[in-house]
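# Structural overview for review
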Amino acid sequence: MIDVIVVGGGPAGVSAAIYLKRFKLDVTIIMKDYGTLGTTDHIENYYGFPEPISGKELFNNGIKQAKRFEIPVLTEEVLSIDYFDTFTVKTNKGSYESKIVLLATGASRATLRVKGFSEYTGKGISFCAVCDGFLYRGKKIGVIGNGDFMLEELEVLENFSQDITVFTNNMPLEKPLEHVKVVDNKIIEIKGNDVVSSVLTENSETPIDVLFMAMGTPSAADFALRMGAFINKNDIVVDEQFMTNIPGLFAAGDCIGGGWLQIVKAADDGSRAAFAINKYLRKKPM
Ligand SMILES: Cc1cc2nc3c(=O)[nH]c(=O)nc-3n(C[C@H](O)[C@H](O)[C@H](O)COP(=O)(O)OP(=O)(O)OC[C@H]3O[C@@H](n4cnc5c(N)ncnc54)[C@H](O)[C@@H]3O)c2cc1C
């Protein structure tokens, strides 16, 4: 059993992991890609760099620094996290057990920029199959996505209905699908009256009773929802010790919001979360 799994390899996750390792804890980083830092070529306000540095270079430096401390860094996509006294972190490549999870996945959460999406979010558009799937037993279920995250949600939803349509929104399916209908053209509009009632694509309209979002990579907010951790809009709610309402589930960096989404704040969050995790583990032998 690993002491702490850090989900995310950006400034919050790597800073936390380095402090945790130096507290002599057994820590593993699981991360998918460059995250937010992959989107900027020019950082010139972070301490210690007299010349501008690209986000990717800063990210690579962080990973190199973590590896110098012999912290395992796994390049895998986390698909789900289950909590039952301890945590089971399932990725596209395996499954890992830990006493603590620190979410440091950055702010992004997939949304869909089409007519009706905002209007019907919460009115038939759901972000959590585990939370809401049961409510739609035997109903017409739609799922938006094309990769492992969609497959993960589909596995849950197949317990509740045989009438499931996957909408890929013009993206290729990453793995072939059996037993479900697939609509692979572009989504134009989510339609409804009081609640969602159909998905209009470029060449079809499919009636549905509910639509689950499972596009891209699951975010901290998606994991939090499934475990019953509080979120405020898309931000994970944490206390002063960076812990959520789930014992042992911590979060840091852009995913907890705070209005000041900068590298310096993410790194600071990470270090302070590590300090709190160390205190928590030393007080609570597991
Ligand atoms: C265009 C742009 C320019 C910016 N410029 C600056 C700047 O000049 N100065 C500055 O201080 N800040 C800047 N920022 C903000 C800064 O990039 C962020 O505040 C900072 O990167 C947040 O760090 P983080 O560790 O919280 O998240 P991120 O850096 O986003 O890291 C998130 C990590 O989580 C991983 N992850 C997410 N989901 C999963 C999953 N399901 N499974 C596995 N891994 C996952 C990602 O792969 C990534 O490794 C900029 C942001 C943008 C968008």
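So, how was this worked out
- Residues numbered from 1 in each chain as written.
- Predicted model: local features only at pLDDT ≥ 70, side-chain atom pairs only at ≥ 80, totals over all residues.
- Near = placed C-beta within 6 Å.
- Helix = DSSP H or I, 4+ residues; strand = E, 2+ residues; numbered from the N terminus.
- Nonpolar A, V, L, I, M, F, W, Y, C, P; charged D, E, K, R; others polar.
- Axes fitted to C-alpha atoms, helices over the stretch in contact; angles between N-to-C directions.
- Left-handed = near helix turned anticlockwise from the far one by under 90°.
- Contact = placed C-beta atoms within 7 Å.
- Pairing = 2+ DSSP bridges.
- Buried ≥ 20, exposed ≤ 12 C-beta atoms within 10 Å, placed from the backbone.
- Domains from an automatic or database assignment.
- Core = buried A, V, L, I, M, F, W, Y, C linked by C-beta atoms within 7 Å.
- Arc of directions from axis to C-beta.

Attention now goes to the site of the ligand. Taken together, 34 residues form the shell around the ligand, and within it Gly8, Gly10, Gly35, Gly106 and Gly253 come nearest. Looking at the shell around the ligand, the elements with two or more residues in it are α1 (11-22), β2 (27-31) and α7 (263-283). When grouped by side-chain class, the residues that make up the shell around the ligand number 15 nonpolar, 15 polar and four charged.

Before going further, it helps to spend a moment on the packing of α1 against α7. One way to put it is that α1 packs onto α7 with a least axis distance of 7 Å and a crossing angle of 35 degrees. In this structure, α1 crosses over α7, and the sense of that crossing is right-handed. Contact residues: Pro11, Ala12, Gly13, Ser15, Ala16, Tyr19 and Leu20 in α1; Ile263, Ala266, Ala267, Asp269, Gly270, Ser271, Ala273, Ala274, Phe275, Ile277 and Asn278 in α7. Here the contact of α1 with α7 is built from residues that sort into 12 nonpolar, five polar and one charged.

Once that is clear, we can look at the sheet that holds strand β12 (residues 196-201). One key point about sheets: their strands pair by backbone hydrogen bonds, in either a parallel or an antiparallel sense. Here we have three strands laid out as an open sheet, ordered β11-β12-β13, and antiparallel in their pairing. Lying at the two open borders of the sheet, with one neighbouring strand each, are β11 (187-192) and β13 (205-207). Sheet twist, expressed as the mean angle between neighbouring strand axes with direction ignored, is 20 degrees. Of the pairings in the sheet, the one linking β12 to β13 comprises three bridges and is antiparallel in character. Its bridge partner lying in β13, Val199 is registered against Thr206.

Next up on the list: the environment of Gly8. Within the fold, Gly8 resides in the loop between β1 (2-7) and α1. On the basis of neighbour count, Gly8 is assigned to the buried category, with 29 C-beta atoms found within 10 Å. Residues Gly8 and Ala104, 96 residues apart in the sequence, show an inter-C-alpha distance of 4.9 Å. With sequence-adjacent residues up to four places away left out, Gly8 is seen in contact with Gly13, Met31, Gly35, Ala104, Thr105, Gly106 and Gly253.

Spatially, β7-β14-β8-β9-β10 is the arrangement adopted by the five strands of the open sheet, whose pairing is parallel. The open sheet has two edge strands, β7 (125-126) and β10 (181-183), and neither has a second partner. Contacts from helix α5 (residues 148-157) reach β8 (141-144), β9 (164-167) and β14 (210-213), with the element oriented near 165 degrees to β8.

Burial analysis of helix α6 (residues 220-227) places eight of its eight residues in the buried class, which makes it a mostly covered element. Buried residues belonging to α6 abut β4 (78-84), β6 (95-103), α4 (129-132), β15 (231-232), β16 (235-236) and β17 (249-251). Where α6 ends, the next residue or the one after it, Gly228, has phi of about 85 degrees, a positive value.

We now examine the domain arrangement of the protein. What the domain assignment reports for the protein is domain 1 (2-109 + 218-283) and domain 2 (117-213). Here domain 1 and domain 2 have C-alpha centroids that lie 30 Å from each other. Contact residues are listed per partner, giving eight residues for domain 1 and seven residues for domain 2. Broken down by secondary-structure element, the contributors of at least two residues to the side of domain 1 that touches domain 2 are β4 and α6. At three residues, α6 tops the list of elements feeding residues into the side of domain 1 that touches domain 2.

Moving on: the nonpolar core. Formed by 79 residues in total, the largest nonpolar core has its most connected members in Ala16, Leu102, Ile236, Phe250 and Ala251. Each of domain 1 (2-109 + 218-283) and domain 2 (117-213) accounts for three or more of the residues forming this core.

Here we come to the environment of Leu157. Among the structural elements, Leu157 can be located in helix α5. On the basis of neighbour counts, which here come to 23 C-beta atoms within 10 Å, the residue Leu157 falls in the buried class. Remark: the alpha-carbon pair of Leu157 and Gly133, spanning 24 residues in sequence, is separated by 5.8 Å. Here Leu157 is in contact with Ala129, Gly133, Ile141, Val143, Ile164 and Phe212, once residues within four sequence places are set aside.

Residues Phe149, Met150, Glu153, Leu154, Val156 and Leu157 constitute the buried set of α5. In a view along the axis of α5, the buried residues occupy a sector of 160 degrees, so they form one face of it. Those residues of α5 that are buried lie in contact with β4, α4, β8, β9 and β14.

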